[in-house]
Amino acid sequence: MRIVHVSAECYPAAKAGGLGDVVGSLPKFQKDAAVIIPKYHTKWILAQEYESVQQGVVRIHHGQVHYDIQRLTSTDLGFEFLVIDIPTKFDRPGIYADSNGNNFGDELERSICFQQAALHYLGSLDEKPEVIHCHDHHTGLIPLLVEYGTDFRSLKGTPTVFTIHNGVYHGAFSWEKYYLLPYLESGAKGLLDWNNTINPLACAIKCAWKVTTVSQSYMEELRTQSNGLEYLLRSEWRKTIGILNGIDAKTWDPKKDPLIKHNLKKSVARYKSQNKKELVTQFGLRKDLPLITFIGRLVREKGADLLPELINYFLAQGKEASFIILGTGDQNLQGRLASMAYHFSPYLNVALEYNESLAHQLYAGSDFIFMPSRVEPCGLNQMFAMRYGTVPIVRKIGGLKDTVPDIGEENGRGINFTHFNVEDAGLALF
Ligand code: GLC
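Since the model is a prediction, treat every value here as computed from it, not as a measurement.

(A) Focus on the overall build of the chain. In terms of helices and strands, the chain carries 14 helices and 17 strands. For 430 residues, the compact-globule formula gives about 22 Å, and the C-alpha radius of gyration of the chain, at 22 Å, lands near that figure. With the C-alpha coordinates aligned to their principal axes, the bounding extent of the chain is approximately 65 × 45 × 40 Å. Counting over 430 residues, the chain shows a buried share of 56%. Across the chain, every contact between residues at least 6 apart in sequence was considered, and the portion connecting residues at least 24 apart equals 67%. When the accessible surface of the chain is split by element, carbon and sulfur atoms take 51% of a total near 19,100 Å². Across the chain, the mean location of the 45 positive side-chain charges is 4 Å away from that of the 47 negative side-chain charges.

(B) Broad picture of the packing of helix α8 (residues 268-283) against helix α11 (residues 356-365). Relative to each other, α8 and α11 sit at 125°, their axes nearing to 7 Å. What the angle tells us is that α8 and α11 run oblique. Every pair of crossing elements has a handedness; the one defined by α8 and α11 is left-handed. Across the interface between the two elements, Tyr-271, Lys-272, Asn-275, Lys-276, Glu-278, Leu-279, Gln-282 and Phe-283 from α8 touch Leu-358, Gln-361, Leu-362, Tyr-363, Ala-364 and Gly-365 from α11. For the contact of α8 with α11, the residue count by class is 7 nonpolar, 4 polar and 3 charged.

(C) Just the environment of Val-375, in detail. Tracing the chain through its elements places Val-375 in the loop between β15 (368-371) and α12 (381-387). As a C-alpha pair, Val-375 and Leu-119 span 256 residues in sequence and 32 Å in three-dimensional space. The residues contacting Val-375, other than those within four sequence positions of it, are Tyr-218, Glu-301 and Ile-397.

(D) Broad picture of the sheet that holds strand β1 (residues 2-6). Sheet architecture is open: 9 strands sit in the order β3-β4-β5-β2-β1-β6-β7-β10-β11, paired in mixed fashion. Either end of the sheet is taken by a strand with one partner, and the two such strands are β3 (50-60) and β11 (240-242). Each strand of the sheet is rotated relative to its neighbour by a mean of 20°, with strand direction disregarded. One ladder, built from 4 bridges, connects β1 with strand β6 (residues 131-135); its direction is parallel.

The rules behind the values
Residues numbered from 1 in each chain as written. Predicted model: local features only at pLDDT ≥ 70, side-chain atom pairs only at ≥ 80, totals over all residues. Heavy atoms only, no water. Helix = DSSP H or I, 4+ residues; strand = E, 2+ residues; numbered from the N terminus. Rg over C-alpha atoms; globule rule 2.2 N^0.38 Å. Buried < 20%, exposed > 50% of the residue type's maximum accessible area, 1.4 Å probe, protein only. Contact = heavy atoms within 4.5 Å. Areas by Shrake-Rupley, 256 points an atom, 1.4 Å probe, with all protein chains shown as cover. Lys, Arg positive; Asp, Glu negative; His and termini not counted. Charge placed at Lys NZ, Arg CZ, Asp CG, Glu CD. Axes fitted to C-alpha atoms, helices over the stretch in contact; angles between N-to-C directions. Parallel < 35°, antiparallel > 145°, perpendicular 65-115°, else oblique. Left-handed = near helix turned anticlockwise from the far one by under 90°. Nonpolar A, V, L, I, M, F, W, Y, C, P; charged D, E, K, R; others polar. Pairing = 2+ DSSP bridges.

As structure tokens, this is what we get:
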């Protein structure tokens, strides 16, 4: 089956979170898959060679925007990889935000141009995709446009799958911006609406043939709490399904991973202690204490705001552990963590950056990984951690609940806690 993924992220070309990991690995395991993303000016994207396969224009209001579809010449990724070059819209190093962390103001225009260009291209192919697989709200208008977009009639009837990696963001905008959208068949306009706004996530849930999310528990949670989409998800339940993500066990292999200092040979204990030694030395931490790590975006959703209070609470009780925090996000939180690293040395240190190779080293050298997420559709970090012999301490929700049974349960693989507060989380750490 010919499957084409349309997405805002794909590792290693452009990754802000787990969406990039999944779109960069799932297609490797499908026989005939392609991925299309915007041509951002990330380091990786600019360092590759491409051949141009189609040029054209999309209409946005009265203006025309040029695009150029380019195929990666190397086949190393294990699937066909296409980028859409749309000058003035995507020729920036950031995916969603500039280097100061400020979101771009023209997200809507960008996503409308990208989705249209992708569909013009797919519609022009002799061999049409058998399934178009869209990911998150950035590609949420595609299922509607495939069926009802007057410019894309050659794609009508093509099955579409829509995966919710993160139901917090809907991409909603006001009906006043309706004029930016491509033309629709009469009668289709209402499908855009949810609560009097144009809501791409809701529209995708209505129009896609199948709606998946990345764990069963998260699908259940969405039916009772999804920022206003609960009723929609319940009424569309017949076509919804939760399918747990997996990780690419070849890329994530402690025996071969080139990004870690000491690969796993015969002894797990030796591999763990050598890698831990590298970390405690680099971060100036005590090596006799258990090493607990947080890796991820420093945002509310991931529960990162619990960290300062929790670490304070934990150490103030006279309990001891070493903590490393890796990630970027909320500026206030970053500031707080940086000053804590100074005050709580040698128990805490931080790397306030996005650093893929350090992340690998942390999975290899930590004793525990801590994930206090408020919401976790699937979560990949706990899987990377387990693959590298690191015990996850997780909040019992979404994909974390589905992948990390508590040590008190049969087949236990980690430590669970339920309530999002310092007492419960502190007890889990202890
Ligand atoms: C998003 C979710 C995360 C999930 C990932 C891949 O980043 O927050 O839980 O693992 O997408 O599906």
